[in-house]
Each structure stands twice: as C-alpha cells, then as structure tokens.
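Listed below, chain by chain, are the residues.
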Amino acid sequence: MENDLLVLKGVKKTYKQKKDRITALKSTDLEIKKGEVLGLVGESGSGKSTLANIIVRLIKSDDGTIVFKGEDISTLKDHEFRRYRRDIQMVFQDPYSSLNPKKTIRYLLEECLKIHEKDMGAQKRLEVVKESLEEVGLDSSYLERYPKSLSGGQRQRVAIALALILRPSLIVLDEAVSALDVSVEAQILNLLLDLREKHGLTYLFISHDLAVVSYVSDRIAVMYKGSIVEIAKADDVISSMAHPYTKALFEASENMAPLIDNKEKKEISSSHCSFCSRCKYRKERCFKEEPTLIEIKEGHSVACFYPLGE
Ligand code: ADP
Ligand code: MG
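Keep in mind that this is a model prediction, so the values were computed, not measured. (Residues numbered from 1 in each chain as written. Chains lettered and ligands numbered in written order. Predicted model: local features only at pLDDT ≥ 70, side-chain atom pairs only at ≥ 80, totals over all residues. Heavy atoms only, no water.)

Colleague: What should I look at first to understand the overall build of the protein in this one?
Modeller: Regarding its fold elements, the protein presents eleven helices and twelve strands. For the protein, the spread of C-alpha atoms along the three principal axes comes to 75 × 50 × 40 Å. A total of 310 residues make up the protein; the buried ones form 44% of that total. In the protein, the share of contacts with a sequence separation of at least 24, taken over all contacts with a separation of at least 6, comes to 60%. Accessible surface computed for the protein: about 17000 Å², of which carbon and sulfur atoms make up 49%. Computed over 48 positive and 47 negative side-chain charges, the separation of the two mean positions in the protein equals 6 Å. (Helix = DSSP H or I, 4+ residues; strand = E, 2+ residues; numbered from the N terminus. Buried < 20%, exposed > 50% of the residue type's maximum accessible area, 1.4 Å probe, protein only. Contact = heavy atoms within 4.5 Å. Areas by Shrake-Rupley, 256 points an atom, 1.4 Å probe, with all protein chains shown as cover. Lys, Arg positive; Asp, Glu negative; His and termini not counted. Charge placed at Lys NZ, Arg CZ, Asp CG, Glu CD.)

Printed below as a string of structure tokens:
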C-alpha cells in the first residue's frame, strides 16, 4: 500500500547450531506504515533481533522480499544497498556496540557525517553535530567526552543522536531502553516520542516488555518462537488481546500470576490479601491474613507482607 514504508513478505531465517538447523524466523509477513511506531514484543529467543537485523541488513534472510519505499531491497547487492543504509538506522540495547569507546562523542558524530555527507565543510559539520546533541538533551560540554565517562542514559542519548544525524526515515530500536533504570527509561521513551513527532520518523520498537512497548506503540506485533502470533492497534492488543501468549506476556509485565484455580481458591480464608489471587510474589501468609498499610519509608506505605525491593 501507498502508506507502507516497509513491507516484508515470506521473510525467513534459519541458523546452523552445531549439526542442527534452527528456525529463528518462520516465514513472516509484516508491514510498517509511514510515521507509525510499530512495537514488536516477545520473550527472549522469539526471533525479534533476527527480524531487526534482517531489516537493517546486518544479516540476510534465507527467503522472501523486503520492499522499502517501493523498492525490493532484498535483491540489492551490498554496494547497491548503500544508498538506503543512511535511511534505515538502528539503536541497540548496549550502546557500547555502536560507540567506539576510544573516540570522543564529537569524533563519533562527525565521522558519520564525513562518510555520508562528503561535501559538508568542517564548520557546518560541527554545527550539525552540536544540533544533534542538543536534540537529545546534551549540551556542547559533551563533545569532548568519551562514551565510558557517560551514564547509561547519556550513552543511549548519544546512540540516538548518531542514529538521527543522517535524518533517516526508519529507526529500528532493539531493546534500546532495556538496560536502563526505570526513571531513565521513561525519559528516553519520551525523548524518542518527541523526536518521532518532530521529524516524522517511523520506528520499529522492539522489547521483551509489553508494558514498555504499549507505552510507545501505535500498533503491536507479538512474536513467539519465530512467528508473529498477534498484531493489532496497541489499544486492542492491551484491552482485547486474543492470543493466550499475549495474555501471558501482559500478566508477566504486570507482575501478575495467572488466576489461581478453584481448588486452590477454597483454601483462602475469609481474611486474606485482596491481591493474592493474582500476585506473583504471594506466600502462605497472604492467603490467611489481610495486610494493613505499613510505612516502609517516610511518606511511603504499602499493604503487603512482602513488599518489592526488600
Ligand atoms: P530475540 O531477539 O527475540 O531474543 P533472536 O532473534 O536473538 O531472538 O534469536 C532467535 C533464535 O535464534 C534463538 O533461538 C537464538 O538462539 C537463535 N540465534 C540467534 N542468532 C543466532 C546465531 N547467530 N547463530 C545461531 N543461532 C542464533
Ligand atoms: Mg534480541
């Protein structure tokens, strides 16, 4: 369709593992629409990175077609693909894999422009580098810093600046916030949403965490053992999920265990924790007594016998 930025059809991948061949990605069809955030979620090993790496051409698919902006890029030779390379960028979980620790932030960003914008003068280049840092919330004092002197969140900001500096259409984010603390994670997610709005970007946003994916995505694809098992508008996936696996993922992301069965229910006494039937962390005591609010820190109370973080 006209609206599609990327269309995968019958894309497959098997890997050789010792003497066996394992199928990491079964024959997969997927469309990414211009300007959308498509979330891709599934537990570790479900084939998300394989799909991501095929799209950015870090690896080749065994079969199928990949149409980007109307052209089949799966048949292009490496040198023919070069003109698309800047247009499809990737951000990884570990920025160390994309940030050479021996180079300054300025060097890393300038190098990217030197390769892809050969006619750009030195002064203009520095200007663009400063601008792109500013866009990710880092001032000029970061120019001469090295990746290792930055916090995880700052490093991920630099990785985003690097992905953005060539003004791509599509950014593939593979577990880009998964290594960050929750508060930093939220900042980076909001930054990504702002940048997408500002530049009309399209994201393929990959995470094992459905809560994170549902926060940023317009549509969500759920992957299990190499197949997409459910895909829909984010609201529909969350409010009327149809695949049992999606439900299991959702419950995992909410720290919830499946509802306990009736047999177990009979053993709950009249006084019990109201959340115990769904709580992943429940113990015997939770079925027998009702916890009251207890202050665990100044101004912070919780009605739980086993509060998280203790
Ligand atoms: P995810 O990103 O969802 O965790 P991956 O795409 O990394 O999943 O992996 C899918 C499956 O393919 C896993 O079983 C994994 O062990 C296997 N796999 C991934 N990369 C390779 C590789 N280079 N060689 C062999 N097997 C691989
Ligand atoms: Mg992965």
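We are not done yet, so read on.
Colleague: For this particular structure, what's the right way to read the side chain of Glu185?
Modeller: By the element assignment, Glu185 lies in helix 6 (residues 182-199). Not counting residues within four places of it along the chain, the set of residues in contact with Glu185 comprises Val177, Leu180 and Val212.

Colleague: Would you explain the site of ligand 1 in this entry?
Modeller: Around ligand 1 lies a shell formed by Tyr15, Gln17, Ile22, Ala24, Glu43, Ser44, Gly45, Ser46, Gly47, Lys48, Ser49 and Thr50. Take Ser49: an N or O atom from its side chain is 2.8 Å from an oxygen atom of ligand 1. At 2.5 Å, a side-chain N or O of Thr50 approaches an oxygen atom of ligand 1. When residues of the shell around ligand 1 are traced back to their parent elements, those giving at least two are strand 1 (4-17), strand 2 (20-33) and helix 1 (48-55). Here the shell around ligand 1 gets three residues from one element, more than from any other, and that element is helix 1. Taken together, the residues that form the shell around ligand 1 break down as three nonpolar, seven polar and two charged. (Near = heavy atom within 4 Å. Polar contact = N/O pair within 3.5 Å; in protein donor to acceptor, adjacent residues only side chain to side chain. Nonpolar A, V, L, I, M, F, W, Y, C, P; charged D, E, K, R; others polar.)

Colleague: Would you mind going over a negative patch on the surface with me for this structure?
Modeller: Residues Glu127, Glu131, Glu134 and Asp139 make up a contiguous surface patch of negative charge. What makes Glu131 partly exposed here is its relative accessible area of 45%. (Patch = residues over 30% accessible without salt bridge, like charges linked within 9 Å, V, L, I, M, F, W, Y side chains within 5 Å. Salt bridge = Lys/Arg side-chain N within 4 Å of Asp/Glu carboxyl O.)

Colleague: Would you explain the sheet that holds strand 7 (residues 170-174) in this entry?
Modeller: Two strands in a sheet stick together by hydrogen bonds in their backbones, pointing the same way (parallel) or opposite ways (antiparallel). Strand order across the open sheet formed by six strands is 6-7-8-3-9-10, with mixed pairing between neighbours. One side of each edge strand has no neighbouring strand; the edge strands of this open sheet are strand 6 (88-91) and strand 10 (227-233). Taking the axes of each pair of neighbouring strands and ignoring which way they run, one obtains an average angle of 15 degrees across the sheet. Bridge count between strand 9 (residues 219-224) and strand 10: six bridges; the pairing is antiparallel. For Tyr224, the partnering residue across the bridge sits in strand 10 and is Ser227. In the packing of helix 1 onto the sheet, the strands contacted are strand 3 (37-41), strand 6, strand 7, strand 8 (202-207) and strand 9, and the crossing angle to strand 7 comes to about 150 degrees. (Pairing = 2+ DSSP bridges. Axes fitted to C-alpha atoms, helices over the stretch in contact; angles between N-to-C directions.)

Colleague: Hey, could you run me through the sheet that holds strand 4 (residues 63-68) in this one?
Modeller: Spatially, 2-1-4-5 is the arrangement adopted by the four strands of the open sheet, whose pairing is antiparallel. The open sheet has two free edges, formed respectively by strand 2 and strand 5 (71-72), since each of these has just one partner strand. Here five bridges tie strand 1 to strand 4, and the two strands are oriented antiparallel to one another. What sits directly across from Leu8, in strand 4, is Ile66. Across the sheet, helix 1 is in contact with strand 1, strand 2 and strand 4; its angle to strand 1 comes to roughly 120 degrees.

Colleague: Can you walk me through the packing of aromatic side chains in this structure?
Modeller: Any two aromatic rings considered together are summarised by their centre-to-centre distance and by the angle between their planes. What the rule picks out here adds up to four aromatic pairs. Residues Phe68 and Tyr84 carry aromatic rings whose centres are separated by 5.6 Å and whose planes lie at 85 degrees to one another, so their mutual orientation is edge-to-face. Of this pair, Phe68 sits in strand 4 while Tyr84 sits in helix 2 (residues 78-85), and the two are 16 residues apart along the sequence. Seen from their ring centres, Phe81 and Tyr84 are 6.3 Å apart, and the 35 degrees between their planes marks the pair as tilted. Of the two residues, Phe81 and Tyr84 both sit in helix 2, three residues apart, roughly one turn of that helix. Here Phe81 falls in the buried class, since its relative accessible area comes to 1%. Site record: aromatic cluster; members linked through ring pairs are Phe68, Phe81 and Tyr84. In this structure, Lys103 packs its charged tip against the face of Tyr107, placed 4.6 Å from the ring centre. (Phe/Tyr/Trp six-rings, centres within 6.5 Å; stacked < 30°, edge-to-face > 60°. Lys NZ or Arg CZ within 6 Å of the ring centre and 35° of its normal.)

Colleague: Even after reading the chapter, I still don't get the side chain of Glu175, so can you show me in this structure?
Modeller: Mapped onto the fold, Glu175 is located in the loop between strand 7 and helix 6. Buried charge Glu175 goes without a salt bridge, the closest partner of opposite sign being Lys48 at 4.1 Å. Among the polar contacts listed, one links the side chain of Glu175 to the side chain of His208, at a separation of 2.9 Å. Look past the residues within four positions of Glu175 in its chain and what remains in contact with it is Lys48, Gln93, Ile206, Ser207 and His208.

Keep in mind these numbers describe shape, not what the thing actually does.
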